[in-house]
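# Chain and residue survey
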Amino acid sequence: MVVTNVGMVFFPHGDLHVVRTGTPPLKVSFHTQDFDDTKPDRYQLGEVTKDCVFDFFAPHKPVGQRFDGLPSINPATGIVTPKDPGVFLFQVRWGEVYLVGRLQVHEGIDAWWFGNDSITTALDSEFGHAQPSLYARFTDDATGVDRIGDITGHGYVTLTPDDPAKLKIAPQGRVQGLAETTDPAVPTGIKGNFLGVTNSLPVRVVDYGKTRQNLQPVQTPDVAQADGMVNILFIPEGFQDTDTDRAAFDLIVAGTVRDLFDKPRHQPYAMLEAGFNIFKAYLPSRDHYLTCGFRITDDDFNKAKPIPFNGRLGSEKTSYTMQELVAVVGLPMHNESRFDLVTIWQGQSLKGFEPSRVDPKLIAAWRAHEAVGILHARDTVFGMYLGQRPGDRTSGNSKPPVKPPALGDTTHVDLSAFVARLYEFYSPDATRLLTPDPRRNPPERYSAGRENPGAALPRYFGGSQYAFAPFHPIGKNWVPDTTKFTPSRGLVAMICYEDVDGGTNFDGTATAQTMGSVRTVAFTYADVVDKREMRRRDPLTGVPPTAAAVLEIANTVAHEFGHSFNLGDEYEDFEGDGTAATATGDLTDDNLSVLGFLRDPGSPAPGRLIDPAKVKWLDLHRMLLSAKITAPARPAGGAITVTIDPRYSGKWVQAQRDGAEIWLRNFSITKDGVQLPLAKGQGELLTGLKIGTIDTTAGKITLSGVVSPLAEYRAGSFLYIPLKAPDGGLVSVVDKKVKESLFLTKTPLNRDTVFGKVRKEDDEPVDITGFAPPCNSSKTVGVFEGGGTFSGGHYRPAGSCKMRNHYGTANVWTEISQDAGAFCYVCKWLIVNRVDPSYHAILSAAFYPGEL
Ligand SMILES: [Zn+2]
């Protein structure tokens, strides 16, 4: 038994509301989330509140008074005691672990309601899944507190099930499903009571894990042998149980598959088509659209902006984006009326505040960057959400811990460090992030970034079978497994009925993608006078998916599936190196590396020269002939008999006549899908083999000259004839002249050498003596700096790649060639190597950018 801490959980959430009179006391708690490998379907929560320290700060009070009138939390009981009304930020510290949050102290509370019209929860005999949102209206206190707030899990509202045989209220107000809702038209429900008001909420219980014969074929070359194939699944989220929605989903799936597997710009998918089974399954939702975690502004019913808005709202090009400004100065007070904000911000010891990046238009937009009301959640079947609620905080680590300054609210380096720590609250996850909603996935079953076999989505996969007899249990191929490599893991595309742009490859489980690309939200107030309940409007309904939308989805799915093949992002979002310059190990992404690992021993830190010999993709072979072995093969007596697809054994008969030297590469991949560096152990690569006999009917080839300590070569291993130059030297994915240049200069190939600034464009290489670059020189394979979302310190194989820009619009030349947003040659090589290495020779001949 091995128990590991996988995260921390703060209850009720990190955006608290207490009221000086009128509610029961608020109790908070901090827990470790622990994983015991003998019970992989769950996490254990261990409370550590009594060992925590709570630090408060009043960001809106005048400088000099920001540590006055603070609320407090008793670690022994977790009870919050308010003092002055107003907005407070806090930090919970447990050793070096910390979490930041916000606490608003109100004078009074006068209304509450459910933030859902209905909710779907999971059948689970042990844990509650769905947590209905509870919202409240507070008195108008003129202290900058919000009028409307999220009191979910606060314990103010008493929840009771309508039928205790069907539902149970679990801790934190989560609703546990005890009996499946068989007819969605007849839901069960819960009631909430508080302030003398009782509200009702319909609840439907889904048995995610039950057996379903739901996997419809889209194109399935080999269903019977699905476990040995790479399988792709399309599922809907936010599509309703109507013919129109089913037709829209089918249209999107058909169009995406056609794009993905027919268009040259998505190669090598088309080339490898016979290696993929593609299925779709339909599980309807109650509602269209996804829940938004972020709050939105209410200045424009058609184009409400997510808070904080990731876009320019100022008048100057050099001005902060709203998101950047909020990260530095925080959010406005409700009814913000302070004058001369720049002077105020300059005096607040804010980290990195630059007055020159603020203009009057931006300040006016900042003042209006709030709303009275709060959006209702949507009731979708898998419970995905966009962005993050302000209170959905994850913990961080800091060594040493950041503590309140000993000198209090006086200008001092300790004060600015403390303010910067608490203002981390104002940097939530990006609004286009699309992940499982923590209000649908309980911490006992779900932890972000992990396999979570007990959570609803993996359980749904586990029960899914082929729709026709003999109902092969194919769904298990998509259940993430901690113990072994699974070839179909993560190749699930969840198409979300949503017009706001969003998409994420999450937990190594699936990629979720919205249908639209707008950055604002259309909404309406349920009651325009009362202005508290905001509802999404439905601009997509009645509009069939457009060809442009399908094109976008295919572009994105092609990129996101790249992540499931262990390819990292090659684009740049942030200035600088991140932590790359001090990293000691390499990145696990097969197409990325970092300065700390690659740095040339002759140029110690902060030197930026690299040692090309450490680049894991530098010596990948190009091949003249290649074939995957389709069954495990065991060496014996200096020989090994391998089985290949007999349809192609003729090529090897000719190779035998030519007396060709054959190489054999064992299929070696970690359980997490990491391929590089290629395994170097004895026997992993056999060279100098000769073909003895060939049974062309059975596809059996006996190779001689085998000396290997390996007992077995796995299915997926491959034999090949390496491509050699006229001088007999091996040809690798990096041209010989490029390689020579890299070893000479120890410098990446980028022509543009400004690595401190984000660059979105493809990169051209410098001129290299004796090297003729491909027509589109950005396809040159070597080492380019910029990637892994950072402008510097991260390295990638080529100037352009689908993992850098999956639209490819930056390069006019590639548009003409139907090759826009294509994978770079190394990423293509890695996908081929994993799905079907028989295609290495074709890849080399057809797609190598350059000569030979
Ligand atoms: Zn690439």
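Residues numbered from 1 in each chain as written. Predicted model: local features only at pLDDT ≥ 70, side-chain atom pairs only at ≥ 80, totals over all residues. Heavy atoms only, no water.

### Notes on the sheet that holds strand β1 (residues 3–11)
Ordered by their spatial adjacency, three strands build an open sheet running β1-β3-β4, and the pairing between neighbours is antiparallel. Edge positions in the sheet fall to β1 and β4 (44–47), since each has one partner strand and no second. Neighbouring strand axes in the sheet, compared pairwise and without regard to direction, differ in orientation by 30° on average. By the bridge criterion, four bridges tie strand β3 (residues 29–36) to β4 in an arrangement that is antiparallel. Bridge assignment links Gln-33 to a residue of β4, and that residue is Leu-45. (Pairing = 2+ DSSP bridges. Helix = DSSP H or I, 4+ residues; strand = E, 2+ residues; numbered from the N terminus. Axes fitted to C-alpha atoms, helices over the stretch in contact; angles between N-to-C directions.)

### Quick word on the coordination of the zinc ion
Looking at the zinc ion, one finds its protein donor set to be Glu-570 (OE), Cys-801 (SG), Cys-824 (SG) and Cys-827 (SG), positioned 2.1 to 2.4 Å from the metal centre. Each donor residue of the zinc ion lies on the same chain, and together they follow the pattern E-x230-C-x22-C-x2-C. You can see Glu-570 sitting in the loop between α7 (547–564) and β33 (572–574) and its partner Cys-827 sitting in helix α12 (residues 825–835), a full 257 residues away along the chain. Summarising the burial analysis for this pair, Glu-570 and Cys-827 share the class buried. (Donors = N, O, S within 2.8 Å, 3.2 Å for Na, K, Ca; no water. Buried < 20%, exposed > 50% of the residue type's maximum accessible area, 1.4 Å probe, protein only.)

### Description of the pattern of salt bridges
By the definition in use, this model includes 57 salt bridges. A salt bridge links Asp-146 to Arg-102; the nearest nitrogen and oxygen atoms lie 3.9 Å apart. Within this pair, whereas Asp-146 is found in the loop between β12 (134–138) and β13 (148–150), its partner Arg-102 is found in strand β9 (residues 97–106), the two being separated by 44 residues in sequence. Between Glu-498 and Arg-536 there is a salt bridge, and its shortest N-O distance comes to 2.6 Å. With a gap of 38 residues between them, Glu-498 in the loop between β28 (492–496) and β29 (503–506) and Arg-536 in strand β32 (residues 533–536) connect regions that are remote in the sequence. For Glu-498, a relative accessible area of 0% translates into the label buried. (Salt bridge = Lys/Arg side-chain N within 4 Å of Asp/Glu carboxyl O.)

### A word on the environment of Lys-614
Along the chain, Lys-614 turns up in the loop between α8 (595–598) and β35 (623–628). On the accessibility criterion, Lys-614 (30% relative accessible area) is partly exposed. Sequence spacing of Lys-614 and Gln-654 is 40 residues, and the spatial spacing of their C-alpha atoms is 37 Å. Looking at Lys-614, its side chain comes within polar contact range of the main-chain oxygen of Arg-599, at 3.3 Å. (Polar contact = N/O pair within 3.5 Å; in protein donor to acceptor, adjacent residues only side chain to side chain.)

### A short note on the packing of helix α2 (residues 322–329) against helix α4 (residues 360–367)
What describes two packed helices is the angle between their axes and the distance between those same axes. As a packed pair, α2 and α4 sit with axes 11 Å apart at the nearest point and diverge in direction by 70°. Relative to α4, the element α2 lies roughly perpendicular. On α4, the residues touching Met-322, Leu-325, Val-326 and Val-329 of α2 are Leu-362, Ala-365 and Trp-366. Partitioned by chemical class, the residues of the contact of α2 with α4 number seven nonpolar, no polar and no charged. (Parallel < 35°, antiparallel > 145°, perpendicular 65-115°, else oblique. Contact = heavy atoms within 4.5 Å. Nonpolar A, V, L, I, M, F, W, Y, C, P; charged D, E, K, R; others polar.)

### Looking at the sheet that holds strand β24 (residues 384–386)
Pairing is mixed across the open sheet formed by three strands, whose spatial order is β22-β24-β26. In the strand order of this sheet, the two ends are held by β22 (291–292) and β26 (434–436), each with one partner. Bridge count for β22 against β24 is two bridges, and the pairing is parallel. When the sheet's bridge partners are listed, Cys-292 is paired in β24 with Leu-386.

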